[in-house]
Amino acid sequence: MASKCPNCGRQLKWYNIKADCPDCGISIPNYNWEARLEEDNIKAEAKFRKFYNTLNKLKYSVFGTKLRIARIVMSFIPAIGFILPWANVTSAKDTLSFDLLGLFTDGTSTLDFFGIFFKSIGDVLSAMSGEGFSGPVSYIVLGFLFMLLSVVAIVVAFFLIFICFRKPKTKATVVADAVSLVFAAIGAVMFILSGSKSAGAAFSIATLNFENAASGVLWGSFVYVALLAVALVGNILVAKAPVKSDEELENERLERVRIKEEKEEQARIKKEAARLEAQKKAEEEQAEKIRKAKEALAKKDKK
């Protein structure tokens, strides 16, 4: 129950439980219902407009132009670099290959190394500290970690395309791509530097033991860096490209709706015409059958 009568302004008490005002007798729930209905319609239209604006902006930001479609492909391409061989460590005993699934190289793969590394991370950090963070273990592990950070950054960059759709010219994806590219480049440099430090040396990384070791960067790192550069270029081009306003996007949506409705109406008219034609044909066939039956009956009566 309202605290005041909307018609006469009477202060209502808690025990005034009837729908009608005790003074003026107006039905409080139905008072000025037409105006309130119109107000509700205005609010509903505003909500629908906001919803369509959001949907228009999402579709446009992600797939709205050929460049933006190409950007999606270019941003996804670096995923190929995840499975390529980044580096390896070979020795007379164990072999470590930073090849995600071990498809291109032999030895312990990146996927297997994950479990080994994180189970013995304390021992690994101790080994790195013992060599002053400038020995073979340090360079190999840092190369691995920077590559992982690069993967995380490029995945974030990909999802930022969808998260930041309200700002089609956002540079957040460019920044994330650039960070990923820098991390990958640093990782590749770490693997290169590990070559001179590990040549002929003996050391351990977690449970892996290397004797007369050799390490270095592999071709996959350079391919991965190149793919990251492609993704970066795609996002830079999109950030610099002109964008359409909310009004333009809404007008285009309304035009698509109009064209769709016209096609549906034409299809309905065509279907109705076909139905009427079929009905007319059926009636003509039925009339023809009746005529022939009457003729046959007339001939029979003459006999």
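Please refer to the structure higher up on the page.
Residues numbered from 1 in each chain as written. Predicted model: local features only at pLDDT ≥ 70, side-chain atom pairs only at ≥ 80, totals over all residues. Heavy atoms only, no water.

Asks: Just checking my understanding: could you explain the overall build of the protein for this structure?
Replies: The number of helices and strands found in the protein is nine helices and five strands. Secondary structure elements in the protein, listed N-terminal to C-terminal, are α-α-α-β-β-α-α-α-α-β-β-β-α-α. The C-alpha atoms of the protein give a radius of gyration of 37 Å, which is well past the 19 Å a tight globule of 303 residues would have. Dimensions of the protein, computed from C-alpha atoms along their principal axes, come out at roughly 115 × 90 × 40 Å. Counting over 303 residues, the protein shows a buried share of 32%. (Helix = DSSP H or I, 4+ residues; strand = E, 2+ residues; numbered from the N terminus. Rg over C-alpha atoms; globule rule 2.2 N^0.38 Å. Buried < 20%, exposed > 50% of the residue type's maximum accessible area, 1.4 Å probe, protein only.)

Asks: Can you walk me through the nonpolar core in this structure?
Replies: Here is a general trend for soluble globular proteins: nonpolar side chains tend to be buried in one another's company. Phe 98, Phe 113, Phe 203, Ile 205, Phe 210 and Tyr 224 are the most contacted members of the largest nonpolar core, which has 36 residues in total. Residue assignment for this core shows that the elements contributing at least two residues are strand S1 (87-90), helix H4 (110-119), helix H5 (121-130), helix H6 (136-163), helix H7 (172-198), strand S3 (203-205), strand S4 (208-210) and helix H8 (219-240). Sorting elements by how many residues they give to this core places H6 first, with ten residues. In this structure Ile 205 touches Phe 113, Val 124, Val 137, Ile 140, Val 141 and Phe 210, once residues within four positions along its chain are discounted. (Core = buried A, V, L, I, M, F, W, Y, C linked by side-chain atoms within 4.5 Å. Contact = heavy atoms within 4.5 Å.)

Asks: Help me out: how do you make sense of the pairing of S1 in this one?
Replies: Along a regular strand, successive side chains alternate from one face of the sheet to the other. Across four bridges, the pairing between S1 and strand S5 (residues 214-217) is antiparallel. Note that in S5 the partner of Val 89 across the bridge is Ser 215. Taking the residues that link successive antiparallel strands as the turn, the S1-strand S2 (residues 96-97) hairpin has five residues. (Pairing = 2+ DSSP bridges.)

Asks: It is not clear to me how helix H2 (residues 66-76) should be interpreted in this structure. Could you clarify?
Replies: Because each turn of an α-helix spans 3.6 residues, side chains separated by three or four positions end up pointing in the same direction. Every buried residue of H2 is accounted for by Arg 68, Arg 71, Ile 72, Met 74 and Ser 75. Contacts from the buried residues of H2 go to helix H1 (33-63), H6, H7 and H8.

Asks: How should I be thinking about the side chain of Ser 198 in this particular structure?
Replies: You can see Ser 198 is positioned in helix H7. Looking at Ser 198, the relative accessible area reads 0%, which means it is buried. In this structure the side chain of Ser 198 is engaged in a polar contact, spanning 2.5 Å, whose partner is the side chain of Ser 215. Excluding anything up to four places from it in sequence, Ser 198 contacts Pro 136, Phe 203, Ala 213, Ala 214 and Ser 215. (Polar contact = N/O pair within 3.5 Å; in protein donor to acceptor, adjacent residues only side chain to side chain.)

Asks: Teacher, can you tell me more about a negative patch on the surface here?
Replies: Among the surface-exposed residues, Glu 277, Glu 283, Glu 284 and Glu 285 lie close enough to one another that they form a single negatively charged patch. Locating Glu 284 in the fold gives a position in helix H9 (residues 246-302). (Patch = residues over 30% accessible without salt bridge, like charges linked within 9 Å, V, L, I, M, F, W, Y side chains within 5 Å. Areas by Shrake-Rupley, 256 points an atom, 1.4 Å probe, with all protein chains shown as cover. Salt bridge = Lys/Arg side-chain N within 4 Å of Asp/Glu carboxyl O. Lys, Arg positive; Asp, Glu negative; His and termini not counted. Charge placed at Lys NZ, Arg CZ, Asp CG, Glu CD.)

Asks: Is there a simple way to explain the packing of aromatic side chains in this structure?
Replies: In this description, an aromatic ring pair is defined by two values, namely the gap between the centres and the angle between the planes. All told, the structure shown has 19 aromatic pairs when counted by the stated rule. For the ring pair Phe 48 and Tyr 52, a centre distance of 6.4 Å and an interplane angle of 25 degrees mean the geometry is stacked. Of this pair, Phe 48 and Tyr 52 both sit in helix H1, four residues apart, which is roughly one turn of that helix. Measuring from ring centre to ring centre gives 5.4 Å for Phe 98 and Phe 144, while their planes differ by 25 degrees; the resulting arrangement is stacked. (Phe/Tyr/Trp six-rings, centres within 6.5 Å; stacked < 30°, edge-to-face > 60°.)

Asks: So what exactly am I meant to see when it comes to the sheet that holds S5 here?
Replies: Strand pairing in a sheet relies on backbone hydrogen bonds. The paired strands run either parallel or antiparallel. Read across the open sheet, the three strands follow the order S2-S1-S5; overall the sheet is antiparallel. Each edge of the open sheet carries a strand with a single partner, namely S2 and S5.

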